[in-house]
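Okay, here's what each chain looks like letter by letter:
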Amino acid sequence: VTINYRHGLPVITLMLPTRSERCQFTVKPMVTTVRAFLQDVQREDKGIERVEVFATDGSKVSGATLMEVLLMNDFKLAINNTAYSVSPPVKDKLSSEHATKMEDIKSLVHRLFVALHSEDHQIRKERELLQKLDHLRDELLPLEQMKAKITDSASVKTSRLLWVGLAVMSMQGGALAWLTWWVYSWDIMEPVTYFITYGSAMAFYAYFILTKQDYIYPDAEDRQFLHYFYGKSKKQHFNVERYNKLKEDLAEAEESLRRLHQPLHLRLPIQEIQDKD
């Protein structure tokens, strides 16, 4: 394996094992990665089953490493069962001013590369998010229908319980009035009403001990609704945890899609951003 520079670009010449001929690969060191170079080698010779790059100490070089970094030091190129020691030629040292200009050019090339490929990346990302949204909505549709039925049933039972409570309190008030004015006197019924009131206070205190919450009617109603809802869900084999997880994933995907469609991500001009606002 030999490396020569031609027109400022490194040309790597190596022997293809299947075809038994030498082949040259011209790489762009500032944008080409090790993974891309190895893929080009495998595409050139289909008989290559394994091709890897190792440092001189035996550690494997990551595929995300730029060829510019790889060509700074010696390395080993392993093709199938054969390993080649590669010694890149030493490039002439640049002056500090020239080196600064080269770094500026590299930075500009990198920005141009990102700008040219960002649109493709955004389109691909948007397609993935739309596919994910469709998949999540398909999974949620039967669960939403089942949840709506369970919610309706729990709401009916909770409302019925509230009306039953009102009916019981009305019957209790009527019974106390009947016993006070038609059967007994207030002197007899006063202790009875006192103990009824005291018993109600004990019931509310017991509710606080059990639930760690004050007996507030809206909170009590919500608690009873959840009791009926989870009981019905268990009977109907409705997986509440899976439903919640799908809803969270759906919200996350929608938020990611919304951020992707923001004007700054789309690199719209300022006038277009103001028009969209």
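Provided above is the structure to which this section pertains.
A brief report on the enclosed structure follows. (Residues numbered from 1 in each chain as written. Predicted model: local features only at pLDDT ≥ 70, side-chain atom pairs only at ≥ 80, totals over all residues. Heavy atoms only, no water.)

## Some thoughts on the sheet that holds strand β5 (residues 75–79)
Moving on, step 1. The strand order across the open sheet formed by three strands is β4-β5-β6, and the pairing between neighbours is antiparallel. Each of the sheet's edge strands pairs with one partner strand only, and the pair in question is β4 (51–55) and β6 (82–86). The average undirected angle you get between the axes of adjacent strands in this sheet is 25°.
Moving on, step 2. Pairing between β5 and β6: five bridges, direction antiparallel. Looking at β6, one finds that Phe-75 is bridged to Val-86.
Moving on, step 3. Of the strands in this sheet, β4 and β5 touch helix α1 (residues 34–44), which is tilted by about 140° from β4. (Pairing = 2+ DSSP bridges. Helix = DSSP H or I, 4+ residues; strand = E, 2+ residues; numbered from the N terminus. Axes fitted to C-alpha atoms, helices over the stretch in contact; angles between N-to-C directions. Contact = heavy atoms within 4.5 Å.)

## Brief notes about unusual backbone geometry
Moving on, step 1. A positive phi is found at Asn-80, a non-glycine position, where the angle reads about 55°.
Moving on, step 2. Checked against the element boundaries, Asn-80 lands in the loop between β5 and β6.
Moving on, step 3. Even without a glycine there, the phi angle at His-237 is positive, about 60°.
Moving on, step 4. Residue His-237 is classed as exposed on the basis of its relative accessible area of 71%. (Buried < 20%, exposed > 50% of the residue type's maximum accessible area, 1.4 Å probe, protein only.)

## Overview of the nonpolar core
Moving on, step 1. If you look at the biggest cluster of nonpolar residues, it comprises 22 residues, and the most contacted ones within it are Leu-14, Phe-37, Val-53, Phe-75 and Leu-77.
Moving on, step 2. Looking at this core, the elements that each hand over two or more residues are β2 (9–16), β3 (21–26), α1, β4, α2 (67–70) and β5.
Moving on, step 3. Counting residues per element, this core draws most heavily on α1, which supplies four residues.
Moving on, step 4. Leaving out residues up to four positions away in the same chain, Leu-77 has contacts with Val-1, Leu-14, Leu-38, Val-51, Glu-52, Val-53, Thr-82, Ala-83, Tyr-84 and Val-86. (Core = buried A, V, L, I, M, F, W, Y, C linked by side-chain atoms within 4.5 Å.)

## What about the pattern of salt bridges?
Moving on, step 1. A complete count under the given rule lists eight salt bridges for this structure.
Moving on, step 2. Across the pair Arg-137 and Glu-254 runs a salt bridge whose closest N-O atoms are separated by 3.4 Å. Taken together, the residues span a long stretch of sequence, with Arg-137 in helix α3 (residues 96–183) and Glu-254 in helix α6 (residues 240–260) at a distance of 117 residues.
Moving on, step 3. Using a relative accessible area of 42% as the deciding quantity, one classes Arg-137 as partly exposed.
Moving on, step 4. By relative accessible area, which is 37% here, Glu-254 ends up partly exposed.
Moving on, step 5. Bridged by salt links that share partners, the residues Arg-50, Glu-52 and Lys-60 form one connected network. (Salt bridge = Lys/Arg side-chain N within 4 Å of Asp/Glu carboxyl O.)

## Things to note about the packing of aromatic side chains
Moving on, step 1. Overall, the coordinates contain eight aromatic pairs when judged by the stated rule.
Moving on, step 2. Look at Tyr-194 and Phe-195: their rings are 5.4 Å apart centre to centre, the planes differ by 75°, and that puts the pair in the edge-to-face class. Both residues of the pair, Tyr-194 and Phe-195, belong to the exposed class.
Moving on, step 3. Consider the rings of Phe-229 and Phe-238, whose centres lie 6.4 Å apart with planes at 80°: the pair is edge-to-face.
Moving on, step 4. The exposure class assigned to Phe-229 is buried, which follows from its relative accessible area of 8%.
Moving on, step 5. The buried category is assigned to Phe-238, whose relative accessible area is 6%.
Moving on, step 6. An aromatic cluster is built from Phe-225, Phe-229, Tyr-230, Phe-238 and Tyr-243, whose rings are joined through pairwise contacts. (Phe/Tyr/Trp six-rings, centres within 6.5 Å; stacked < 30°, edge-to-face > 60°.)

Worth remembering: the numbers are spatial, not functional.
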